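Observations on chain architecture
Letter by letter, the chains look like this.
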Amino acid sequence: MSGFIVRRLLSSVLVVILTSIFVFVLFFKGLGDSPARNYCEKLGPGKCTPAKLASIEKQMGFDKPVSQNYAQWAKGIFVGRDNVYVDGKTYECPAPCFGISIMTGNTVWHDFKQKFPATVVLAVGGATMYLVIGVLLGSLAARWRGSTADRLLVGSTLIVSSIPYYLVALLAWIYLSLQLKIFPNTGYYPITENPAKTISWMALPWLVLGLTNCTSYARFTRGQMVETLSEDYIRTASAKGVRTNRVLFKHALRAAIVPVITIFGLDFATLLAGTIFTERIFSIDGVGNWGLTALSTPIDLNVIETTTLLLAVMVVTANLLVDILYSFLDPRVSIA
Amino acid sequence: MSTDTFERPDDMAAPASPDDPFLVVENLTVKFPTHDGLVQAVTDLSYTVERGKTLGIVGESGSGKSVSSMAVLGLHDPKHTRLSGSIRVGGVEVIGASEDRMRKIRGNDIAMIFQDALTALHPFYTIGDQISEGYRIHHKVSKGEAKKRAIEMLDRVGIPQANRRVDDYPHQFSGGMRQRAMIAMALVNDPQLLLADEPTTALDVTVQAQILDLLQDLQREFNSAVIIITHDLGVVAELADTTMVMYGGRAVEYGATREILTHPEMPYSWGLMGSVPDVTGDADARLIPIPGNPPSLLNPPEGCAFHPRCPHVDKVPGDLCRTTLPDLVPGDRGENHLKRCHLANPGEIYTEEVLPEIAPDLIDPTTGEMIPELAAVDPDEL
């Protein structure tokens, strides 16, 4: 067990390192010295002399090879840096240093810590909703497969997945929030201050996230359940005199849920890295919205690098957790 | 006969008479409507089993063996099944009984042992959990007590260190132990009727013998009625008091086991005998397979379902075999041996044509007659 975890941990770390190298090197090479030129030109007409440009480039490390720059950046994550140059100023950047955000002038880590809770609250609520609704609907559809309700579910999955998500979210916001005022406010209210308010503000985003995503979970669960329900051990359970509902939700679901959980783990990790549309439309000040704003010119490169890296970390972690969880869910899998 | 599901209020069930056999199946017909048409899985099947007795049901795949026993437990999905006839378990009508009522019978009065214990046991629950679940459904006991009962049952079916193995998962058991656990699970509520659906098919021969012995011991201990479904005539010879041979969803021969095995009167039964390898026989001797394939239940042959494969069709005058379904009636061997065949003199054909071919060592070479002990079986005595 521990051997497996150590091995998986090492490979996870490797994936994260590779991702960070890719992200860093691609941006560094792709943009060339344009960030430095940008800052230089902002000094005003005529003030950007070649000497000045060279000095900015030197401050920003463009005179050194990319490997050294990466090493410096990576080291900063663990020990911090004290001379990060942004637009004519140098900043103090304590560990974990992911650079300075041009938008705010704060360290990226400082901003991230502010944005992340909103995303976590959104993700946890939305994901719980679509997992619970999806699995429930899917199980019932499998129980009554072939019925009208079952066909409706399968059909609605198709419809929902063929409508762009942002359209659903936008319409929900316009009608349920703006017009009918059922959910008058949306956004993130700090959960530590007033959880009730957090819930009422988050209700609509959760609902939209939950209802649009639950259909694919319902369909997946349904497929798994239909397969499981034809297993011999389901017949055995019925032959013992187990109630139909118990056969369904204990015996069948127990087996059918395992692959569903696997998919869910990975989905949830992506949610944590920010749901751009949801956050944008419902004005939730989270990681997704933050990353989107960072894309406007001038690109806030450090923010982009950080969100990408964190996404990689979360997906890799989720993968690892799912694998470990698997051995608890399926006793036949031993990860020795 | 109506083709629709038989609706019968629960309270109309016939009162149990003490002389009545524990299980009475009368004119059971099971049909499955499919996209391609109506599958006639079981047609007009009748049999009885008494407490302490064993009925063996023999036949090839698709002959309706398992379908009929699933019907006894009411395990067919009523939406996709048409049932008619009558199944009485201890005097209680099963066909048309409410789901609630059936659930109280399942696993309690009637229990089933399935063929492949690896797939029939839930892979994600421990053996102990699965046995005690069955116990707790029908008894109001605590989890602790149910577990104690599970250990007791595992011990009874011969699982060593039952108190430790009770927490194992099915995949940690060997094939034979899994089948024992399956039997323990079936017997946990002391059922009065045990349906064993090919209980030894997935096991190797030595384990098969152990399991059969175990079943016999347990039957004696609990005095339960047993139906053993198999395609292995050896199993039937070992366990069954009476035997029913099924073909194409119908009973084609029914009688005391010894009688059926020594004096079969139906060409399909002869074919089954011919397909059994003889351990003491000549190693070069060929098995004689039954030519052709099992009949389509969607579109069964006219007349006798076995006629397309029957080598003796010509011995019946006219087109009788092809046009008319023979009744299940007593043959030459008395009231208790029923057969479904048009042949007028099956006994003669069997000793003169069939036996010399399938089991030459049973014929006395000097007289050309069947060995006397075998010939002397009195059908009424069994």
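This one's a predicted model, so the numbers in the text were calculated from it and none came from an experiment. (Residues numbered from 1 in each chain as written. Chains lettered and ligands numbered in written order. Predicted model: local features only at pLDDT ≥ 70, side-chain atom pairs only at ≥ 80, totals over all residues.)

So, the overall build of chain B
- Across its full length, chain B holds 14 helices and twelve strands.
- Per-residue burial for chain B yields a buried fraction of 47% across its 382 residues.
- Considering only contacts in chain B between residues 6 or more positions apart, those separated by 24 or more positions represent 66%. (Helix = DSSP H or I, 4+ residues; strand = E, 2+ residues; numbered from the N terminus. Buried ≥ 20, exposed ≤ 12 C-beta atoms within 10 Å, placed from the backbone. Contact = placed C-beta atoms within 7 Å.)

Focus: the overall build of chain A
- Within chain A, the regular secondary structure consists of 13 helices and two strands.
- When its C-alpha atoms are laid out on the principal axes, chain A stretches across 85 × 55 × 35 Å.
- A sequence separation of at least 24 residues applies to 66% of the contacts in chain A between residues at least 6 apart.

Let's talk about the nonpolar core
- Counting residues in each nonpolar core, the largest one holds 161 residues, and the members touching the most others are Leu154(B), Ala181(B), Met182(B), Ala184(B) and Val245(B).
- Looking at this core, the element that brings in the most residues is helix α5 (residues 108–143) of chain A, giving 15 residues.
- Counting five residues, the second-largest nonpolar core is a separate cluster that includes Tyr350(B), Val354(B), Leu355(B) and Ile358(B). (Core = buried A, V, L, I, M, F, W, Y, C linked by C-beta atoms within 7 Å.)

Looking at the interface of chain A and chain B
- The interface is formed by 17 residues belonging to chain A together with 22 residues belonging to chain B.
- Of all the elements in the fold, those that place two or more residues in the side of chain A that touches chain B are α9 (232–240) and α10 (244–272) of chain A.
- Tallying contributions element by element places α9(A) first for the side of chain A that touches chain B, with seven residues.
- Across the side of chain A that touches chain B, the residue classes tally to five nonpolar, four polar and eight charged. (Nonpolar A, V, L, I, M, F, W, Y, C, P; charged D, E, K, R; others polar.)

Here we look at the environment of Glu348(B)
- Tracing the sequence through the fold places Glu348(B) in helix α13 (residues 346–358).
- Along the primary structure Glu348(B) and Ser132(B) are separated by 216 residues, whereas in three dimensions their C-alpha atoms are 55 Å apart.

Observations regarding the pairing of strand β2 (residues 37–49) of chain B
- Relative to β2(B), strand β1 (residues 23–34) of chain B is paired through nine bridges, and the arrangement is antiparallel. Directly across from Val24(B), in β2(B), lies its bridge partner Thr48(B). (Pairing = 2+ DSSP bridges.)

Section: α5(A)
- The first and last C-alpha atoms of α5(A) sit 50 Å apart over 36 residues, in line with the 52 Å expected at 1.5 Å per residue.
- The largest bend along α5(A) reaches roughly 30° and is located at Lys115(A), with the proline Pro117(A) sitting one to four residues downstream. (Expected span 1.5 Å × (residues − 1). Bend = angle between axes of the 7 residues up to and from the residue.)

Section: the domain arrangement of chain A
- Here chain A is partitioned into domain 1 (33–97) and domain 2 (110–329).
- Computed over C-alpha atoms, the centres of domain 1 of chain A and domain 2 of chain A are 41 Å apart. (Domains from an automatic or database assignment.)

Comments concerning the sheet that holds strand β4 (residues 82–89) of chain B
Residues and elements named next belong to chain B.
- Read from one edge of the open sheet, four strands run β2-β1-β4-β5, paired in antiparallel fashion. Where the open sheet ends on each side, the last strands, each with one partner, are β2 and β5 (92–93).
- Here β1 pairs with β4 via seven bridges, running antiparallel. The residue bridging Val24 from the neighbouring strand is Arg88, located in β4.
- Sitting on the sheet, helix α1 (residues 65–72) touches β1, β2 and β4, and the angle it makes with β1 is about 110°. (Axes fitted to C-alpha atoms, helices over the stretch in contact; angles between N-to-C directions.)

A closer look at the packing of helix α7 (residues 165–179) of chain A against helix α8 (residues 195–229) of chain A
All names here are of chain A.
- Here α7 crosses α8 at 140°, and the two axes come no closer than 10 Å. The pairing of α7 with α8 is recorded here as oblique in orientation. Where α7 crosses over α8, the handedness of that crossing is right-handed. Every residue of α8 that contacts α7 at Tyr165, Val168, Ala169, Ala172, Leu176 and Ser177 is listed here: Leu204, Val208 and Thr212. (Parallel < 35°, antiparallel > 145°, perpendicular 65-115°, else oblique. Left-handed = near helix turned anticlockwise from the far one by under 90°.)

With respect to the sheet that holds strand β7 (residues 193–197) of chain B
All names here are of chain B.
- Ordered in space as β6-β7-β8-β3-β9-β10-β12-β11, the eight strands form an open sheet in which the pairing is mixed. In this open sheet, the two edge strands, each paired with only one partner strand, are β6 (110–113) and β11 (329–330).
- Sheet analysis places strand β10 (residues 250–256) next to strand β12 (residues 338–339), joined by two bridges and oriented antiparallel. Note on β12: the bridge partner recorded for Tyr254 is Leu338.

Let's talk about unusual backbone geometry
- With an omega of -10°, the peptide bond between Ala95(A) and Pro96(A) qualifies as cis.
- Looking at where Pro96(A) falls in the secondary structure, it is placed in the loop between β2 (89–93) and α5.
- With a phi close to 50°, Asn27(B) is a non-glycine residue in the positive phi region.
- The topology assignment puts Asn27(B) in strand β1.
- Asn27(B) gets classed as partly exposed once you count the C-beta atoms within 10 Å, which come to 13.
- Phi at Glu198(B) takes a positive value of approximately 45°, unusual for a residue other than glycine.

Things to note about the packing of helix α1 (residues 2–31) of chain A against helix α13 (residues 301–329) of chain A
Residues and elements named next belong to chain A.
- With their axes 10 Å apart at the nearest point, α1 and α13 run at an angle of 160° to one another. Classed by the angle they form, the pair α1 and α13 counts as roughly antiparallel. When you trace α1 past α13, the crossing you get is right-handed. Facing Ile5, Arg8, Leu9, Ser12, Val15, Val16, Thr19, Ser20, Val23, Phe24 and Phe27 of α1, the residues of α13 in contact are Leu301, Glu305, Thr308, Leu309, Ala312, Val313, Val316, Leu320, Asp323 and Ile324.
- Among the residues making up the contact of α1 with α13, the classes are represented as 14 nonpolar, four polar and three charged.

Things to note about helix α11 (residues 267–274) of chain B
All names here are of chain B.
- Among the eight residues in α11, six count as buried, and that is most of the element.
- Where α11 is concerned, the buried positions are Pro267, Tyr268, Ser269, Trp270, Gly271 and Leu272.
- Buried residues along α11 sit in contact with β3 (54–58), α9 (233–239), β9 (242–247), β10, α10 (257–262) and α13.

As for the confidence of the model for chain B
Residue and element names in this part refer to chain B.
- Scored by pLDDT, chain B has a mean of 86; 88% of the residues are at 70 or more.
- Here residues 1–16 is modelled with pLDDT under 50, and outside its nearest four sequence neighbours on either side it reaches 31 contacts, counting other chains as well.
- For this predicted complex, the interface score ipTM comes out at 0.83, while the overall pTM is 0.81. (pLDDT = per-residue confidence, 0-100.)

Remarks on the environment of Arg81(A)
All names here are of chain A.
- Structurally, the position occupied by Arg81 is in strand β1 (residues 81–86).
- We classify Arg81 as buried; it has 20 C-beta atoms within 10 Å.
- Sequence spacing of Arg81 and Phe98 is 17 residues, and the spatial spacing of their C-alpha atoms is 9.4 Å.
- Not counting the four nearest positions on each side in its chain, Arg81 is found in contact with Gly76, Cys93 and Cys97.

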